[in-house]
Amino acid sequence: MKPSLNKITKYAFLTLGVIAIWACSPDTIEDPTDVSKDKTLLNLSYGSSPSQLLDIYLPAGRSAESTPLLIYIHGGAWVGGSKEEFEGFKETLTDLLPEYAFVAINYSLYNLNTGINSFPQQEHDVIDAVNYILSKTHEWNVSDKIILAGASAGGHLALLHAYKHQQTGNIQAVIAFFPPTDLASLYDFNPITALGLQGLVGGTPDSNPGAYKTSSPLNFVDQQSVPSIFFHGTQDTVVPVSQSELLAKALQKAGVEYKFTVVPGEGHGFKDSTYSKLLQEASIFLKNLPQ
């Protein structure tokens, strides 16, 4: 049975529950240079850490000229979740964007008990993943043109890389679902959020303003930022819709192409039917970008 897209809601922002440990081992794979068939390559290591793994889905008939990449970054409050979240989107995205190769990545998760893997470890992992993917484009016979996408914490990391590290990878656009965009203002949302960010970022916005600034996508928006499309529910009690509203204002001020869709009545994680509609909207946005 197709995984439900609502599995994202299992990983609410800064959840203090049990974090799943995913046992990953390299899968037996066929020759990825054979472009006549679609290929799925699972649990490829992009770094020295056991958490630095990714999956790639290569379409048949791919080529360096015609097969862009979409990299998906999972949610989970930076403390949970895994690349398997992408399975809930894969079928829909493959139908909407059949020419694309898709990559889903894991990254280092912050440990609430020990404090291991605080920011900016996740940011660095995304850089490492992008560099690894770029090193494989010739072997995989795909383009170096990259779309970054993610939900919740993954949306934050996608936006942060797209705006702050655009020189790392040929980033064309970014897609985000209910993303944190300004961690300093998010800090005041509720006590649980504040407690989690104190550990994750290090201190408070008053005691460590530099860390909050450098970890917030909003602070890296400028005239050179890539086209962006993002979605946020009006009833989100985990990451308030004001986070996306702030981003929309910054992009508009900078003159960056963007589309912000407010989703009435939806919370942190959308219904399957809502995701399908919004993914279609995102695919149209991508197809209408200048080539």
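Use the structure listed above.
I will try to describe carefully the structure that is included in this document. (Residues numbered from 1 in each chain as written. Predicted model: local features only at pLDDT ≥ 70, side-chain atom pairs only at ≥ 80, totals over all residues. Heavy atoms only, no water.)

**Let's talk about the overall build of the chain**
- Of the regular secondary structure elements, the chain holds 8 helices and 8 strands.
- In the form shown here, the chain has an accessible surface area of approximately 12400 Å², with 52% of it arising from carbon and sulfur atoms. (Helix = DSSP H or I, 4+ residues; strand = E, 2+ residues; numbered from the N terminus. Areas by Shrake-Rupley, 256 points an atom, 1.4 Å probe, with all protein chains shown as cover.)

**Let's talk about the nonpolar core**
- Ranked by internal contacts, the top residues of the largest apolar core, which has 55 residues, are Trp 140 and Tyr 163.
- Counting 29 residues, the second-largest nonpolar core is a separate cluster that includes Leu 97, Phe 177, Phe 231 and Ala 282. (Core = buried A, V, L, I, M, F, W, Y, C linked by side-chain atoms within 4.5 Å. Buried < 20%, exposed > 50% of the residue type's maximum accessible area, 1.4 Å probe, protein only.)

**Let's talk about the sheet that holds strand β5 (residues 145–151)**
- Taken in spatial order, the 8 strands of this open sheet run β1-β2-β4-β3-β5-β6-β7-β8, and their pairing is mixed. Each having just a single partner strand, β1 (39–45) and β8 (258–263) make up the two edges of the open sheet. Adjacent strand axes in the sheet meet at a mean angle of 15°, parallel and antiparallel pairs treated alike.
- In the sheet, strand β3 (residues 69–73) pairs with β5 via 5 bridges, with the strands oriented parallel. (Pairing = 2+ DSSP bridges. Axes fitted to C-alpha atoms, helices over the stretch in contact; angles between N-to-C directions.)

**Considering unusual backbone geometry**
- Omega for the peptide link from Phe 119 to Pro 120 comes to 10°, which places this bond in the cis form.
- Here Pro 120 shows up in the loop between β4 (101–105) and α2 (121–140).
- In this structure, Asn 43 is a non-glycine residue whose phi angle is positive, near 55°.
- Looking at the secondary structure, you find Asn 43 in strand β1.

**Re the pairing of strand β7 (residues 228–233)**
- The buried fraction of β7 amounts to 6 of the 6 residues, a majority that puts the element mostly inside the structure.
- The two faces of β7 match: Ser 228, Phe 230 and His 232 on one face and Ile 229, Phe 231 and Gly 233 on the other face are all buried.
- As paired elements, strand β6 (residues 170–177) and β7 share 4 bridges and run parallel to each other. Within β7, the residue paired with Ile 175 across the bridge is Ile 229.
- Where β7 lies against β8, 6 bridges are found, and the strand directions are parallel. Bridge pairing in β8 places Ser 228 opposite Tyr 258.
- After leaving β7, the chain enters helix α7 (residues 242–254) and then returns to the sheet as β8, a path that is right-handed. (Right-handed = clockwise from strand over helix to strand, strands pointing away.)

**Digging into the pattern of salt bridges**
- Within the structure shown, the criterion is met by 6 salt bridges.
- Residue Lys 83 is joined to Glu 84 by a salt bridge in which the shortest nitrogen-to-oxygen separation is 3.0 Å. As far as burial versus exposure is concerned, Lys 83 and Glu 84 are alike and both buried.
- Here the salt bridges do not stand alone but share partners, grouping Asp 55, Lys 83 and Glu 84 into one network. (Salt bridge = Lys/Arg side-chain N within 4 Å of Asp/Glu carboxyl O.)

**With respect to the environment of Ala 194**
- Structurally, Ala 194 is set in helix α5 (residues 191–202).
- Measuring from C-alpha to C-alpha, the distance between Ala 194 and Thr 204 comes to 7.9 Å, with 10 residues separating the pair along the chain.

**Thoughts on the packing of helix α1 (residues 87–96) against helix α8 (residues 272–287)**
- Closest axis-to-axis distance for the α1/α8 pair is 10 Å, and the angle between their directions is 35°. The two elements α1 and α8 cross, and the hand of that crossing is right-handed. Facing α1, whose interface residues are Phe 89, Thr 92, Leu 93 and Leu 96, α8 presents Tyr 275, Ser 276, Leu 279, Gln 280, Ser 283 and Lys 287.
- Each residue belonging to the contact of α1 with α8 can be placed in one class, and the counts come to 5 nonpolar, 4 polar and 1 charged. (Left-handed = near helix turned anticlockwise from the far one by under 90°. Contact = heavy atoms within 4.5 Å. Nonpolar A, V, L, I, M, F, W, Y, C, P; charged D, E, K, R; others polar.)

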